[in-house]
Amino acid sequence: MEPTVKVIAGPLEYGSAPFWYHKTQTLYFVNVFQSEIHQYDPKTNKHTCAKVGDQPVGFIIPLGDFDDKYLLGYGCDLVAVTWDGHSNQISKLVKVEVVETNENRISDGKISPSGVLFVGRRTSGPGHLISGNLSMNQGSLYSFKNCSSKKLLCDISISAGMAWDHNERTFFYTDSPEYRVERFCYNDETCELEQGCILYQFKDDNLCGFPCGITIDYDEHLWVSCFNDGQVLKIDPKIGRATTKIEIPHCPQITSVAFGGPNLDVLYVTSADINIKGKYKNAGSVFQVSGLGVRGNLSLPLYLMNK
């Protein structure tokens, strides 16, 4: 049986960072350059959004200590916002000082299985990877644990995707302009990355796009969004090859993926509509893909207080 792909929201200019929150059984995502955060409830099919401000929003993660607060990558800063999930405006924004200040905006954020916050900064300034005039190797990847930050990687361009295996000994990562998925040995106690190597190279599979957001399923297969290729790849890390390709119809710019639903067996997919308006009817939509025969893992909120 073929998977079913369904549009559930959009279109957005640049939808990204889908996060399924098991506590509320709702999906969160962002519209990056429009500075919006979004919530979708599959039980009611209700879709709400709120304007944050005038800076790009790189990601949204619920704060587990509260019912109405979220951590955002907002421009160059990490901020905590208060939002009731229904209003079209947030009610409060507080800057969180946890990573060193620089001019590179935050492009990605995720919580490891043990609750460590990882934050990726991308190359700043004019230019975009789509147009081919992006300034390269100015970004970094950080971890934040026990009120201190650590720079894990530098000289990256667009931090776009992160995932861990179950025992947190392996870290998977995408720096989009490198056109590949990388694998690192990971020490959860020290948050150190070692022995990086290429797991999967897009050009070896004749893919013309580049990797963006990723997630990992319960069987430890990676699911990789393909920007400019209109598909999601399922990659087996044991052999370093794509074993399944899910075509997303009429939508070339796939930006990120996350498992969700009550049984974590639905793949949510975000996309963009950058410089292609009117060419693809589903560009910028958010999709749900069902019938894959796999399930994912819980996405963890960030807890500011000790648990």
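The structure reproduced in this document is the subject of the present report. What you see is a predicted model; the values in this text were computed from it and never measured.

Inspection of every chain in the model, using the stated rule, returns 9 salt bridges. Note that Lys-23 is salt-bridged to Asp-67, the shortest N-O span being 2.9 Å. Of this pair, Lys-23 sits in the loop between strand E2 (15-21) and strand E3 (26-31) while Asp-67 is found in the loop between strand E6 (57-62) and strand E7 (69-74), placing the two residues 44 residues apart along the sequence. The exposure class of Asp-67 is exposed, given its relative accessible area of 66%. A salt bridge links Lys-150 to Glu-192, with the nearest nitrogen and oxygen atoms 3.0 Å apart. Of this pair, Lys-150 sits in strand E13 (residues 148-156) while Glu-192 sits in strand E17 (residues 192-201), and the two are 42 residues apart along the sequence. Lys-150 sits in the partly exposed class, given a relative accessible area of 30%. Taking relative accessible area as the criterion, Glu-192 reaches 32% and is therefore assigned partly exposed. Here the salt bridges share partners, and the residues they tie into one network are Glu-178, Arg-180 and Glu-182.

Take the side chain of Thr-82 next. Looking at the element boundaries, Thr-82 is found in strand E8 (residues 77-82). Accessibility expressed as a relative area gives 12% for Thr-82, which makes it buried. Dropping the residues within four chain positions of it, Thr-82 is found in contact with Asp-68, Lys-69, Ile-90, Ser-91 and Lys-92.

Quick look at the sheet that holds strand E19 (residues 222-227) now. The 4 strands lie next to each other as E18-E19-E20-E21, forming an open sheet whose pairing is antiparallel. On the outer flanks of this sheet lie strand E18 (210-216) and strand E21 (241-247), each paired with one strand and no other. The average angle at which neighbouring strand axes cross in this sheet is 30°, direction not considered. As defined by bridge partners, strand E20 (residues 231-236) adjoins E21 across 6 bridges and the pair is classed as antiparallel. Residue pairing across strands places Gln-231 opposite Glu-247, the latter belonging to E21.

Burial runs high along E7: 5 of the 6 residues are buried. Sheet topology note: the E6/E7 ladder contains 5 bridges and is antiparallel. What sits directly across from Ile-60, in E7, is Leu-72. Connecting E6 to the antiparallel partner E7 that follows it, the hairpin turn spans 6 residues.

This paragraph deals with the nonpolar core. Residues Ile-37, Leu-72 and Leu-117 are the most contacted members of the largest nonpolar core, which totals 36 residues. For this core, the secondary-structure elements that each account for two or more residues are E2, E3, E6, E7, E8, strand E10 (106-111), strand E11 (117-121) and E18. In this structure, Ile-37 is in contact with Phe-29, Val-30, Thr-48, Cys-49, Ala-50, Val-52, Val-57, Ile-60, Leu-72, Val-81, Trp-83 and Ile-90, ignoring residues within four places of it in sequence.

Now for the packing of aromatic side chains. For the structure on display, the rule yields 17 aromatic pairs. Geometrically, the ring pair formed by Tyr-28 and Tyr-70 is tilted, given 5.2 Å between the ring centres and 55° between the ring planes. Here Tyr-28, found in strand E3, pairs with Tyr-70, found in strand E7; they are 42 residues apart in sequence, far enough to count as distant. Per residue, the accessibility class of Tyr-28 equals that of Tyr-70, and both read buried. Ring pairs connect the aromatic residues Phe-118, Trp-164, Phe-171, Tyr-173, Phe-184 and Tyr-186, which therefore count as one cluster. Taking NZ or CZ as reference, Lys-69 lies 5.1 Å from the ring centre of Phe-66, over its face. Geometry around Tyr-218 places Arg-295 over its ring, the cationic atom sitting 4.2 Å from the centre.

Rules behind the numbers
- Residues numbered from 1 in each chain as written.
- Predicted model: local features only at pLDDT ≥ 70, side-chain atom pairs only at ≥ 80, totals over all residues.
- Heavy atoms only, no water.
- Salt bridge = Lys/Arg side-chain N within 4 Å of Asp/Glu carboxyl O.
- Helix = DSSP H or I, 4+ residues; strand = E, 2+ residues; numbered from the N terminus.
- Buried < 20%, exposed > 50% of the residue type's maximum accessible area, 1.4 Å probe, protein only.
- Contact = heavy atoms within 4.5 Å.
- Pairing = 2+ DSSP bridges.
- Axes fitted to C-alpha atoms, helices over the stretch in contact; angles between N-to-C directions.
- Core = buried A, V, L, I, M, F, W, Y, C linked by side-chain atoms within 4.5 Å.
- Phe/Tyr/Trp six-rings, centres within 6.5 Å; stacked < 30°, edge-to-face > 60°.
- Lys NZ or Arg CZ within 6 Å of the ring centre and 35° of its normal.

In short, the description is geometric, and any link to function would need to be established separately.
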